[in-house]
Amino acid sequence: MHQARLSHPVAPGIFAIPIPIPYPFRYVNVYLLLPPPLSTGGPVLVDCALDTPEARAALEGALREHGLGYGDLEALLLTHHHPDHYGLAGLIEQAGVSVYMLDIEEERGHIFWTQAEAMNQAGMAFFRRHGVTDEYLAGLEKELALTRSRVHPVRNPRTFPDGVVLEWAGTRLRVVWVPGHADGQAMFLREEDGVLLAGDQILEKISPNIGRWAYAYPNPLAHYLASLEKTRGLGARLALPGHYRPIADIPGRVAELRAHHQERLAFLEGLLSPEPQTAWQLSLALFPGELSLAQRRFAWAETLAHLEYLVEAGRAVPVELEGILHYRR
Ligand SMILES: [Zn+2]
């Protein structure tokens, strides 16, 4: 019987492994880098999905297609700490694999998984401060507990700094720090042929979520727009993103994403009135309709990121009313 292959080549020495995830994206792309013949390096994995039986089957099956198990990997590189990219990392580490991430992501993202109680409390206080209703928060705690059950924190993360060249899998990868989607998101650029392992920095079909979270930098949208310029300036010829298909026209996609955010900023500015409104209220108007619990949370965080950008630009005014932040024209 012929079985569909679980990995497919996307660039010389690089295989994409689409792994099912229980999110609207449906799949996260994990990339397997195989060293060229006669090279001394070993295989390297970039990102891993969150832990579900389906994800494990897909990842382990794909590695088997190349005669590999977790223990054969030279390293696991993580683009950022979001659960769909990080979840299985602690498990793969237990097989004796070193797990690497940007130093900034260890300090600011990895801690989301290792300091769970403090992070949950800070998150809830932050949600309340921005007008998220108690009814919604009750569901959120359950959802967060489920996510945490699917994530294995890394015990001994190894780090690399921005700009360094990593010599893995018999190849050279330059680390490019692109804050915005996550404070410490890193991309990996193979300079010899312009292949860019792009994480969630640019995606083909949708705009990556730019959210303001309790533990994230203020004004993440300003960081993201600067990171988009940085991405365009690399002159890479093929982006291998965390979701959906590879992107050949990187400058074109960067321009679309920039325009998308300018449009959303203008639309949000139009929703502001002399009457103060919370980020939660504004998110219901900016993202109308039925959304899942998780989608609502992302909509809220994205609205808040845009509000902070408008405030910084002098296009919105924050007003505190009984301990809750509101925004007006
Ligand atoms: Zn992702």
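These figures come from a predicted structure and were not determined experimentally.

K.L.:
Would you mind going over the sheet that holds strand β4 (residues 44-46) with me for this structure?
P.N.:
Strand order in this open sheet of 7 strands is β1-β2-β3-β4-β5-β6-β7, and the pairing throughout is mixed. Unpaired on one side and paired on the other, β1 (8-11) and β7 (158-160) mark the two borders of the sheet. Across the sheet, the mean angle from the axis of one strand to that of its neighbour is 30°, orientation sign disregarded. Examined bridge by bridge, strand β2 (residues 14-20) and strand β3 (residues 27-33) share 7 bridges and lie antiparallel to one another. Note that in β3 the partner of I19 across the bridge is V28.

K.L.:
What exactly am I supposed to notice about the coordination of the zinc ion here?
P.N.:
By definition of the ideal shapes, a tetrahedral metal site with four donors has angles of 109.5 degrees and an octahedral site with six donors has angles of 90 or 180 degrees. Protein coordination of the zinc ion is provided by D84 (OD), H85 (NE2), D200 (OD) and H243 (NE2), with donor distances spanning 2.0 to 2.4 Å. The coordination sphere of the zinc ion comprises 4 donor atoms, whose angles at the metal cover 85 to 161°; the geometry is irregular. Counting the intervening residues between successive donors of the zinc ion yields the motif D-H-x114-D-x42-H. Of this pair, D200 sits in the loop between β11 (195-199) and α7 (220-233) while H243 is found in the loop between β12 (238-241) and α8 (250-271), placing the two residues 43 residues apart along the sequence. Pair check on accessibility: D200 and H243 agree, each one buried.

K.L.:
Would you explain the environment of L234 in this entry?
P.N.:
The topology assignment puts L234 in the loop between α7 and β12. A C-alpha to C-alpha distance of 9.2 Å links L234 and V176, two positions 58 residues apart in sequence. If near-sequence neighbours (up to four positions away) are discounted, L234 is found in contact with V176, M187, L189 and L196.

K.L.:
Just to check I follow, could you spell out the pairing of β12 for this structure?
P.N.:
Side-chain positions along a regular strand alternate between the two faces of the sheet. Here β12 shows no split at all, with L238 and L240 on one side and A239 and P241 on the other all buried. The pairing of β11 with β12 spans 4 bridges and is classified as parallel. Within the sheet, the bridge partner assigned to L196 lies in β12 and is A239. After leaving β11, the chain enters α7 and then returns to the sheet as β12, a path that is right-handed.

K.L.:
Can you help me understand unusual backbone geometry in this one?
P.N.:
Trans is the prevailing form of peptide bonds, just as negative phi is the prevailing case for residues other than glycine. Phi is positive for N219, close to 50°, though the residue is something other than glycine. On the accessibility criterion, N219 (10% relative accessible area) is buried. We note that Y244 has phi near 65°; this positive angle belongs to a residue other than glycine. Considering the arrangement of structural elements, one finds Y244 in the loop between β12 and α8.

K.L.:
For this particular structure, what's the right way to read the environment of P12?
P.N.:
Tracing the backbone shows P12 in the loop between β1 and β2. Judged by its relative accessible area of 54%, P12 is exposed. Once the C-alpha coordinates of P12 and L33 are considered, the two residues, 21 residues apart in sequence, prove to be 9.0 Å apart.

K.L.:
I keep staring at the side chain of T303 and nothing clicks. Help me out?
P.N.:
Along the chain, the position of T303 falls in helix α10 (residues 293-312). Beyond its immediate sequence surroundings of up to four residues, T303 is in contact with L268, A279, L282, S283, L286 and F287.

The rules behind these values
Residues numbered from 1 in each chain as written. Predicted model: local features only at pLDDT ≥ 70, side-chain atom pairs only at ≥ 80, totals over all residues. Heavy atoms only, no water. Pairing = 2+ DSSP bridges. Helix = DSSP H or I, 4+ residues; strand = E, 2+ residues; numbered from the N terminus. Axes fitted to C-alpha atoms, helices over the stretch in contact; angles between N-to-C directions. Donors = N, O, S within 2.8 Å, 3.2 Å for Na, K, Ca; no water. Tetrahedral: all angles 85-135°; square planar, octahedral: opposite > 155°, others 65-115°. Buried < 20%, exposed > 50% of the residue type's maximum accessible area, 1.4 Å probe, protein only. Contact = heavy atoms within 4.5 Å. Right-handed = clockwise from strand over helix to strand, strands pointing away.

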